[in-house]
Amino acid sequence: NIEIIFTGRSNVGKSTLFSHLFGVRVRKGKRPGTTIAPNFYSYRDLLATDLPGFGYVKGVSRGFNERVKDFIVHYIEENASRIAAGVIVIDSKAFREVVERWDSRGYIPVDVEMADFLRDVGVEVIVCANKFDKVENGEEVLEYISSRMSVDRERVIPTVAKKGDISGVKNTLKDVLARRGRVDL
Ligand code: GDP
């Protein structure tokens, strides 16, 4: 079995992306950030996993967020050997502001931390720069994301999940799977 995981802060459009990629409607919690259970999609020997969103959603307790983060970290550590790629979905419009806010408080931004963690456990990182329709200086934004997350520029892929414009990330995942001689999406 081979697996692709999807992670990201809440409200970045991860569920929308996942639905378009795999043609499934994903189950959503009653409110954002209230369920820990991942959504799974399986096709032949490919497992795609939509991990719970994390980050600080209004009205969701800090304790809950910590549990979600623990769950994600344990899930990835346990399954790292079969995980071919980790797709970190970000809001390309909000990214810079969020990163600078965390920087100014002396914290490592969660998306940056996630990219480091995936690399540490040997999982290839793909960044999905979603909500790209909201961005004006596109190339500059993609360069910034690439440098802050230490991910090659060609592994930072703009998408507009809301409009189903996801071919870039689909093709990249196809490449990753083809290199492993696995299923075609
Ligand atoms: P999740 O919490 O990351 O799973 O996010 P959702 O998939 O539920 O999307 C959160 C919100 O972002 C919804 O209102 C979506 O319609 C919106 N959204 C998703 N993708 C895009 C996009 O590419 N552009 C814009 N402008 N909005 C998007």
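Because the structure is a prediction, the values reported are computed rather than measured.

**Observations concerning helix H5 (residues 138–149)**
Count 3.6 residues to each turn of an α-helix, and residues three or four apart come out pointing the same way.
Here's step 1: Over its 12 residues, H5 runs 17 Å from end to end, which matches the ideal 16 Å to within 8%, given 1.5 Å per residue.
Here's step 2: For H5, the elements touching its buried residues are strand E4 (83–91), helix H3 (95–104), helix H4 (110–120), strand E5 (124–130) and strand E6 (156–158).
Here's step 3: Once H5 finishes, Ser150 follows within two positions and takes phi at roughly 50 degrees, a positive value.

**Some details on the site of the ligand**
Here's step 1: Lining the immediate environment of the ligand, one finds 15 residues, of which Asn11, Lys14, Ser15, Thr16 and Asp133 sit closest.
Here's step 2: Contact with the protein chains covers 78% of the free accessible surface of the ligand, which is 580 Å².
Here's step 3: With 3 residues, helix H1 (residues 14–22) is the largest single contributor of residues to the shell around the ligand.
Here's step 4: In terms of residue class, the shell around the ligand is made up of 3 nonpolar, 6 polar and 6 charged.

**Looking at the environment of Val169**
Here's step 1: With respect to the helices and strands, the residue Val169 is situated in helix H6 (residues 167–179).
Here's step 2: A residue is classified by how much of its surface remains accessible, and Val169, at 0% relative accessible area, is buried.
Here's step 3: Along the backbone, Val169 and Thr159 are 10 residues apart, and their C-alpha atoms lie at a distance of 7.4 Å.
Here's step 4: When neighbours within four sequence positions are excluded, Val169 is seen to be in contact with Leu17, Leu21, Val87, Ile126, Cys128, Ile157 and Thr159.

**Quick word on the pattern of salt bridges**
Here's step 1: Enumeration over the complete set of coordinates arrives at 10 salt bridges.
Here's step 2: The shortest N-O distance in the salt bridge between Glu3 and Arg82 comes to 2.6 Å. Note that Glu3 is positioned in strand E1 (residues 2–8) and Arg82 in the loop between helix H2 (62–79) and E4, a separation of 79 residues in sequence.
Here's step 3: The class of Glu3 is buried, set by a relative accessible area of 0%.
Here's step 4: The network of salt bridges with shared partners includes Glu124, Arg155 and Arg179.

**Describing a positive patch on the surface**
Here's step 1: On the surface, a cluster of positive charge is made up of Lys93, Lys134, Lys162 and Lys163.
Here's step 2: Structurally, the position occupied by Lys93 is in the loop between E4 and H3.
Here's step 3: Of the residues examined, Lys93 reaches a relative accessible area of 52% and is grouped as exposed.

**So, the packing of aromatic side chains**
Here's step 1: Under the criterion given, the structure shown has 8 aromatic pairs.
Here's step 2: Geometrically, the ring pair formed by Phe6 and Phe22 is edge-to-face, given 5.9 Å between the ring centres and 85 degrees between the ring planes. With a gap of 16 residues between them, Phe6 in strand E1 and Phe22 in helix H1 connect regions that are remote in the sequence.
Here's step 3: Judged by relative accessible area, Phe6 falls into the buried class, the value being 0%.

Conventions we followed
- Residues numbered from 1 in each chain as written.
- Predicted model: local features only at pLDDT ≥ 70, side-chain atom pairs only at ≥ 80, totals over all residues.
- Heavy atoms only, no water.
- Helix = DSSP H or I, 4+ residues; strand = E, 2+ residues; numbered from the N terminus.
- Expected span 1.5 Å × (residues − 1).
- Contact = heavy atoms within 4.5 Å.
- Near = heavy atom within 4 Å.
- Areas by Shrake-Rupley, 256 points an atom, 1.4 Å probe, with all protein chains shown as cover.
- Nonpolar A, V, L, I, M, F, W, Y, C, P; charged D, E, K, R; others polar.
- Buried < 20%, exposed > 50% of the residue type's maximum accessible area, 1.4 Å probe, protein only.
- Salt bridge = Lys/Arg side-chain N within 4 Å of Asp/Glu carboxyl O.
- Patch = residues over 30% accessible without salt bridge, like charges linked within 9 Å, V, L, I, M, F, W, Y side chains within 5 Å.
- Lys, Arg positive; Asp, Glu negative; His and termini not counted.
- Charge placed at Lys NZ, Arg CZ, Asp CG, Glu CD.
- Phe/Tyr/Trp six-rings, centres within 6.5 Å; stacked < 30°, edge-to-face > 60°.

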